[in-house]
Amino acid sequence: AILRIPRLVDGLGKQRVMMLTFRTLSTETRLVTELEAMLGPRWAGTYTSLRQHAPRADVAHAARAVHDSGADLILGFGGSSVTDAAKIVAVQVLGPQRPQSDLPMILLPTTLSAGEYTPAAGMTGDEPGVKTYVGDPRMAPYAVVLDPEMTLATPRDLWLSTGVKSIDHACEAMWGPRPHPVTDALARDALRRLADALPRTAADPEDLDARLECQIAGWMSMAGVVNVQVYLSHTLGHQIGARWDVPHGITSGITLPVVMTFLHDEQPSAMVRVAEALGIDVAGLSSREACASGAAELGELFSALGLPTRLRDVGADPADFAAVAAATVAAARSTGWGGGLDPEQVRELLERMW
């Protein structure tokens with residue numbers, strides 16, 4: 001699929017492509033140099049100093065590099081932090097007035113976080129331990145290129161944990177504040193695909209068919225999320241990740257089972273649909289029983305993948321629970337759904353995740 005990238009660039013009439021990526025991809029694999037060679041005279045440079053959680057300083061330095069290179073297209077190659085940084089870099093370079101067409105993006109993901117499909121991004125650095133959000137329609141990429149071969153260098157646990165992040169998207173689309181039949185259908189199928197294909201990639205990392213199935217499911221899990229909104233698991237995960245430097249896929253494996261049972265009374269029918277998508281036979285079960293079975297199935301899946309399922313396993317500090325709870329409630333209210341959420345409730349959820 002990467003062979004299509006030069007044609008995409010030419011089709012947009014662009015001539016100077018700036019690649020944003022991680023240092024590890026540029027120093028520990030040949031993928032970056034291969035992409036540079038494939039772009040040929042279109043290649044304007046590569047910025048490799050992006051770090052996890054898209055620190056504001058990295059974004060600023062990358063924006064300066066893109067501006068100074070005279071680039072007219074950004075190619076983001078890497079995981080969710082590269083994606084977030086590339087989006088924010090694009091709008092910073094464009095400024096408040098210039099249109100998206102002046103600096104479009106092509107994103108080439110190496111993980112399953114699926115942030116490529118939204119016109120929003122998060123970065124850290126404004127306030128220690130807190131992730132802040134940026135949204136702008138111009139952040140939406142022109143194209144997302146899915147190539148399973150480009151994911152083979154992704155570390156096993158990173159691949160699997162970002163697959164869990166896609167499971168998080170699908171679950172939250174179904175039990176979030178504004179569910180919709182169209183996104184429900186996509187999310188259910190995404191859950192079915194991920195529950196089947198993700199363990200297959202764990203058993204055989206070279207299974208490209210299973211990897212592509214996961215990539216497609218990640219896309220489906222995110223389709224429509226901008227409209228229906230992610231919910232409590234996602235918001236908690238962002239603040240847990242920022243506070244204790246925990247990757248978001250890992251946070252999803254910790255938050256999802258607890259959040260599912262917590263939200264039962266708010267969305268009982270959605271919990272039944274989630275459980276059914278996970279392979280639970282819900283016939284004869286009450287919604288609460290189906291919800292409990294679904295939550296248990298999620299926990300068993302994450303454990304079988306060898307991923308952490310408790311906050312104590314990822315360096316969290318209970319002394320920070322109140323601060324994380326407050327940040328979670330603030331983030332929820334900033335996105336319009338957290339008015340009824342109480343920080344003490346969230347702190348109790350963190351205790352259950354401990």
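Attention in this report is confined to the structure presented alongside it. Remember, it's a predicted structure, so these values are computed and weren't measured experimentally.

Reading the values: rules and limits
Residues numbered from 1 in each chain as written. Predicted model: local features only at pLDDT ≥ 70, side-chain atom pairs only at ≥ 80, totals over all residues. Heavy atoms only, no water. Helix = DSSP H or I, 4+ residues; strand = E, 2+ residues; numbered from the N terminus. Expected span 1.5 Å × (residues − 1). Buried < 20%, exposed > 50% of the residue type's maximum accessible area, 1.4 Å probe, protein only. Contact = heavy atoms within 4.5 Å. Phe/Tyr/Trp six-rings, centres within 6.5 Å; stacked < 30°, edge-to-face > 60°. Core = buried A, V, L, I, M, F, W, Y, C linked by side-chain atoms within 4.5 Å. Salt bridge = Lys/Arg side-chain N within 4 Å of Asp/Glu carboxyl O. Pairing = 2+ DSSP bridges. Axes fitted to C-alpha atoms, helices over the stretch in contact; angles between N-to-C directions.

**Overview of helix α14 (residues 321–334)**
Taking 1.5 Å per residue as the helical rise, α14 with its 14 residues ought to reach 20 Å, and the 20 Å between its terminal C-alpha atoms agrees with that figure. Buried within α14 we find F321, V324, A325, A327, T328, V329, A331 and A332. Close packing links the buried residues of α14 with β6 (130–135), α10 (232–244) and α15 (343–353). Taken from the residues just after α14, G336 is the one with a positive phi, measuring 100 degrees.

**Quick notes on the packing of aromatic side chains**
All chains considered together, the criterion is met by four aromatic pairs. Look at Y117 and W219: their rings are 6.2 Å apart centre to centre, the planes differ by 20 degrees, and that puts the pair in the stacked class. Of the two residues, Y117 sits in the loop between β4 (105–109) and β5 (120–127) while W219 sits in helix α8 (residues 208–222), which places them 102 residues apart along the sequence. Taking the relative accessible area as the measure of exposure, W219 reaches 45% and is therefore partly exposed. When the ring of Y231 is compared with that of W337, the centres are 4.3 Å apart and the planes differ by 50 degrees; the resulting orientation is tilted. With Y231 in the loop between α9 (225–228) and α10 and W337 in the loop between α14 and α15, this residue pair connects regions lying 106 residues apart in the sequence. Of the two residues, Y231 and W337, both sit in the buried class.

**Examining the nonpolar core**
I167, W175, L191, L198, L311, L350 and M353 are the most contacted members of the largest nonpolar core, which totals 65 residues. Per element, the largest residue contribution to this core is nine residues, and it comes from helix α6 (residues 156–175). Those residues in contact with L350, other than ones at most four positions away along the chain, are L236, I240, L311, F321, V324 and A325.

**Examining the pattern of salt bridges**
The full count for this structure, using the stated rule, is 13 salt bridges. Across the pair R98 and D102 runs a salt bridge whose closest N-O atoms are separated by 3.2 Å. Overall, the relative accessible area of 31% leaves D102 in the partly exposed class. Of the charged contacts in the structure, one is a salt bridge between R200 and D196, with a shortest N-O distance of 2.9 Å. Of this pair, R200 and D196 are both found in helix α7 (residues 181–203), four residues apart, which corresponds to roughly one turn of the helix.

**Re the environment of D157**
Examined against the element boundaries, D157 turns out to sit in helix α6. Distance from D157 to D204, taken between C-alpha atoms, is 13 Å for residues 47 residues apart in sequence.

**Some details on the sheet that holds strand β3 (residues 73–78)**
Strand order in this open sheet of five strands is β2-β1-β3-β4-β7, and the pairing throughout is parallel. Either end of the sheet is taken by a strand with one partner, and the two such strands are β2 (43–50) and β7 (143–144). Looking at chain direction, strand β1 (residues 17–22) and β2 are connected through five bridges and run parallel. Looking at the pairing, L20 lines up with Y47 of β2. In the packing of helix α3 (residues 31–39) onto the sheet, contacts are made with β1, β2, β3 and β4, and the angle to β1 comes to roughly 175 degrees. Strands in contact with helix α4 (residues 56–69) are β1, β2 and β3; relative to β2, the strand with the most contacts, it is inclined by about 170 degrees.

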